[in-house]
Amino acid sequence: MENFFFYFNFVTINLRHFQNIIFIHQLFLVNFVVKVLQDLYIISEGGIVLYHRIFNEKFDVQLFGGLMSALNSFAEELTNEGLSNFELQDKRYTLIRKNDILFVASSSNKIKTKKVIEELQSIVNHFFELYPKEILETWEGDVAIFLDFEKDIENSLEGTIKKFQKAFW
Amino acid sequence: MSDLIFIGMLFESIIIILAVIILVLILTKYFQKKHQFTLYLFLIFLFYLIAIIFSWLSKILVLYSGVDYIYNTTLADPGTLQSWFVLRITDFRFSFFFLTIAIYISYVLKVNVFEKGYNRVHKMIVIVYGIITLVFSLLIYVRGNTLIDAFAFLLIFLYMAMIYVPFLTSSYKSFKLAEEKAFKNAFISLALMSIFYILVPFNFLIDRLLILFGGPGFSLFYFLAWIFVLLGMIASYFGYIRPKSSE
């Protein structure tokens, strides 16, 4: 009986994790289509990468998550505000922390920081608007709740440009 | 006074020529794209053009028709079917009628290109307000009553603002987010176009209010309004027609 409950809990946790991945993937698409954000990581307070989407994987994602979390904690100790962004060659990494979850996105350093923050903030906001903390904690895995988000994807800037291209340009 | 009307007529003739050119370009675009939105744009400009032609016609009637009750406001309205049409043409009511239709189609286009669907409440407000404006334009008319005329101008100005202020904000947001220079230029042109179009009835309204307070009409604001029509059309060209997609 004890084994059954263990197995049941294991399956439930993994199902939720899988659905989280689908959802966050959809979230990422919104910003991917506007060509602002490149890679995206969502990291727990303990430094575990809950979700990542990388175009060219060059390093261990979990190590990167741990590093980001540690860097952010270190910055919080120093400034009380945490790390907001840093640059590596031509890439800029932007960080936003909310409800103990760290959202990290990379972008070209040619794109204005303000625009990247706006895009990442919209991911964070969408995340917590559509699926508040309480819902995510008690979420039973109904995929239909993602439909609203798909509509948001249609409403992206890329959608508007496509419409103009088809009709006028 | 007739000199000012003549200058106004010349001014509007230039605008008509430009509007016809833009309309032909949109029609050409429609034959290329065969897209419903291009058709909406064509209809918008067609109705704008008809509205301008009626405004131009009002000056022709005043200057050259020789019908006494048109230019002599002290004479009573003969109450014939002909005078019903003629007086509403000379007081721009037919222009308002077609402007209202053009503004409504602008709303349809705006929702289709910038939004994912209609907001039921907004749509109802736009339709009801449009119907009120249409009815007011043609039926609420008292000859020589400038206050009622000014109210008709106010209705058109508010309708224009109701549709083109959201159009402006959507275009500006798209301008801020777009990366390709051609797209940025197009969206900022559309944002400017919205401002110019809102300023058109605004300036006409001020001109009408000046008449209400004893002015002779054809003030600076009248000509400013037509300048904004001109600028709006140029901005439309750079927003809708000029950009070439790399697709």
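Residues numbered from 1 in each chain as written. Chains lettered and ligands numbered in written order. Predicted model: local features only at pLDDT ≥ 70, side-chain atom pairs only at ≥ 80, totals over all residues.

### Here we look at the overall build of chain A
And then number 1: A tally of helices and strands in chain A yields six helices and five strands.
And then number 2: Residues counted as buried form 25% of the 169 residues belonging to chain A.
And then number 3: Long-range contacts, defined as pairs at least 24 residues apart, comprise 52% of the intrachain contacts of chain A with a sequence gap of at least 6. (Helix = DSSP H or I, 4+ residues; strand = E, 2+ residues; numbered from the N terminus. Buried ≥ 20, exposed ≤ 12 C-beta atoms within 10 Å, placed from the backbone. Contact = placed C-beta atoms within 7 Å.)

### Observations concerning the packing of helix α6 (residues 120–139) of chain B against helix α7 (residues 146–177) of chain B
All names here are of chain B.
And then number 1: It is the contact of α6 with α7, at a shortest axis distance of 10 Å, that shows an interaxial angle of 155°. With respect to α7, the axis of α6 lies roughly antiparallel. Here α6 runs over α7; the crossing is left-handed. Seen from α6, the contacting residues are Val-126, Tyr-129, Gly-130, Thr-133, Phe-136 and Ser-137; seen from α7, they are Ala-152, Leu-155, Ile-156, Tyr-159 and Met-162. (Axes fitted to C-alpha atoms, helices over the stretch in contact; angles between N-to-C directions. Parallel < 35°, antiparallel > 145°, perpendicular 65-115°, else oblique. Left-handed = near helix turned anticlockwise from the far one by under 90°.)

### Here we look at helix α2 (residues 36–64) of chain B
All names here are of chain B.
And then number 1: The terminal C-alpha atoms of α2 lie 41 Å apart, and with 29 residues this matches the ideal 42 Å at 1.5 Å per residue to within 8%.
And then number 2: For α2, the set of buried residues is Thr-38, Leu-41, Ile-44, Phe-45, Phe-47, Tyr-48, Ala-51, Ile-52, Phe-54, Ser-55, Ser-58 and Lys-59.
And then number 3: Trailing α2 by a residue or two, Gly-66 shows a phi angle of about 75°, which is positive. (Expected span 1.5 Å × (residues − 1).)

### Overview of helix α2 (residues 61–79) of chain A
Residue and element names in this part refer to chain A.
And then number 1: Taking 1.5 Å of rise per residue, the 19 residues of α2 would be expected to cover 27 Å, and the 26 Å separating its terminal C-alpha atoms lies within 8% of that figure.
And then number 2: For α2, the full list of buried residues reads Phe-64, Gly-65, Met-68, Ser-69 and Asn-72. For α2, the buried positions fall inside an angular range of 130° around the axis, keeping them on one side. Facing away from the buried side of α2 by over 90 degrees, the exposed positions are Leu-63, Ala-70, Phe-74, Glu-77 and Leu-78.
And then number 3: Once α2 finishes, Asn-80 follows within two positions and takes phi at roughly 70°, a positive value. (Arc of directions from axis to C-beta.)

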